[in-house]
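Chain residues, written in single-letter form:
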Amino acid sequence: MDLETKILSKSIQELLYNSDKKIGTAESCTGGRLAEALIAVPGSSNYFNGSIIAYTNEVKENLLGVDHQVLEEQTAVSEEVARQMVLGAIKTLRVDFAVAVTGVAGPAGGTPENPVGTIWIGYGCNTDVRTWKLSEDFGRDINLSIATSKALQLMVEFLKEHEPDLKK
């Protein structure tokens, strides 16, 4: 785990540790990297409920409630799937906040519509789900590292924006 990821995980800890709010993750292409980063910080059990690694569409549908038709029409590598993964993680893991990642890390698996390096990040809460798209291919390991760091960075920014709500 790189230094940036550790710093971002520590920032999430600082924002959530003394609140009664919980966070969870739903991961496809990152395969648990977000969860690994979050639990690397001591005391994470105070605010991290868990993760669902939804590597297949079947798991996305059955555990996260991602709509089958959306998966068929837009594929798993889409903004709407990332959005639904966030909401599914919030519901299934019983958390206040969630971050989700779905994409094509490579080296194969890309399509003209979703070439290798296309990764959608979803993050937020029940009432405010946001997305971010990565679209450059730097090779599998770097793609996954970038996606993990960017997802954590976006979540830190989101939590800072919602910091007054964390005190409730």
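Predicted, not measured: the structure shown is a model, and the values here were computed from it.

**Comments concerning the overall build of the protein**
Here's step 1: In terms of helices and strands, the protein carries seven helices and five strands.
Here's step 2: The C-alpha atoms of the protein give 15 Å as radius of gyration, which agrees with the globular expectation for 168 residues (15 Å, within 12%).
Here's step 3: Taken over the C-alpha atoms alone, the protein extends approximately 45 × 35 × 25 Å along its principal axes.
Here's step 4: Out of the 168 residues in the protein, the part that is buried amounts to 52%.

**With respect to the pairing of strand S1 (residues 23–27)**
Here's step 1: Among the five residues that make up S1, five are buried, leaving the element largely enclosed by the rest of the structure.
Here's step 2: Side chains Ile23, Thr25 and Glu27 of S1 all project onto a buried face; the interleaved residues Gly24 and Ala26 project onto the opposite face, where all are buried too.
Here's step 3: Relative to strand S2 (residues 48–53), S1 is paired through five bridges, and the arrangement is parallel. Within S2, the position partnered with Gly24 by the bridge is Gly50.
Here's step 4: For the handedness criterion, the β-α-β arrangement of S1, helix H2 (residues 33–39) and S2 is classed as right-handed.

**Remarks on the packing of helix H1 (residues 3–16) against helix H6 (residues 140–161)**
Here's step 1: For the pair H1 and H6, interaxial distance at closest approach is 9 Å and the crossing angle is 25°. Of the possible angle classes, the one that applies to H1 and H6 is roughly parallel. The interaxial crossing formed by H1 with H6 has left-handed handedness. Every residue of H6 that contacts H1 at Glu4, Thr5, Leu8, Ser9, Ser11, Ile12, Leu15 and Leu16 is listed here: Thr148, Ser149, Leu152, Gln153, Met155, Val156, Leu159 and Lys160.
Here's step 2: The residue makeup of the contact of H1 with H6, split by class, is eight nonpolar, six polar and two charged.

**Comments concerning the side chain of Ser28**
Here's step 1: On the secondary structure map, Ser28 appears in the loop between S1 and H2.
Here's step 2: Given a relative accessible area of 6%, Ser28 falls into the buried group.
Here's step 3: In this structure Ser28 touches Ala54, Tyr55, Lys60, Met85, Val101 and Thr102, once residues within four positions along its chain are discounted.

**A closer look at H1**
Here's step 1: Taking 1.5 Å of rise per residue, 14 residues should cover 20 Å, and H1 covers 20 Å from first to last C-alpha, within 8% of that figure.
Here's step 2: Summarising the contacts, the buried residues of H1 are in contact with S1, H2, strand S3 (97–103), H6 and helix H7 (163–166).

**Some points on the sheet that holds strand S5 (residues 128–134)**
Here's step 1: Strands sit in the order S2-S1-S3-S4-S5 across an open sheet of five strands; the sheet is mixed. Because the sheet does not close on itself, it has two edges, and the strands there are S2 and S5. Each strand axis lies, on average, 15° off the axis of its neighbour in the sheet, ignoring direction.
Here's step 2: Bridging between S1 and S3 involves five bridges; their strand directions are parallel. Each bridged residue has a counterpart across the sheet, and for Thr25 the counterpart in S3 is Val99.

**Overview of the environment of Arg130**
Here's step 1: Looking at the element boundaries, Arg130 is found in strand S5.
Here's step 2: We classify Arg130 as partly exposed; its relative accessible area is 24%.
Here's step 3: On a C-alpha basis, the gap between Arg130 and Asp165 in space is 17 Å, while along the polypeptide they are 35 residues apart.
Here's step 4: Excluding its chain neighbours within four sequence positions, the residues that come into contact with Arg130 are Ile121, Gly122, Tyr123, Phe158, Glu161 and His162.

**Side note on the packing of aromatic side chains**
By convention here, two paired aromatic rings are described through the distance between centres and the angle between planes.
Here's step 1: If you walk through the whole model with that rule in mind, you get two aromatic pairs.
Here's step 2: With a centroid separation of 6.1 Å and an interplanar angle of 75°, the aromatic rings of Phe97 and Phe158 are classed as edge-to-face. Linking Phe97 in strand S3 with Phe158 in helix H6, this pair joins segments that are 61 residues apart in sequence.
Here's step 3: For the pair Tyr123 and Phe158, a centre-to-centre distance of 6.1 Å together with 90° between the ring planes defines the contact as edge-to-face. Within this pair, whereas Tyr123 is found in strand S4 (residues 119–125), its partner Phe158 is found in helix H6, the two being separated by 35 residues in sequence.

Quick notes on the rules
- Residues numbered from 1 in each chain as written.
- Predicted model: local features only at pLDDT ≥ 70, side-chain atom pairs only at ≥ 80, totals over all residues.
- Heavy atoms only, no water.
- Helix = DSSP H or I, 4+ residues; strand = E, 2+ residues; numbered from the N terminus.
- Rg over C-alpha atoms; globule rule 2.2 N^0.38 Å.
- Buried < 20%, exposed > 50% of the residue type's maximum accessible area, 1.4 Å probe, protein only.
- Pairing = 2+ DSSP bridges.
- Right-handed = clockwise from strand over helix to strand, strands pointing away.
- Axes fitted to C-alpha atoms, helices over the stretch in contact; angles between N-to-C directions.
- Parallel < 35°, antiparallel > 145°, perpendicular 65-115°, else oblique.
- Left-handed = near helix turned anticlockwise from the far one by under 90°.
- Contact = heavy atoms within 4.5 Å.
- Nonpolar A, V, L, I, M, F, W, Y, C, P; charged D, E, K, R; others polar.
- Expected span 1.5 Å × (residues − 1).
- Phe/Tyr/Trp six-rings, centres within 6.5 Å; stacked < 30°, edge-to-face > 60°.

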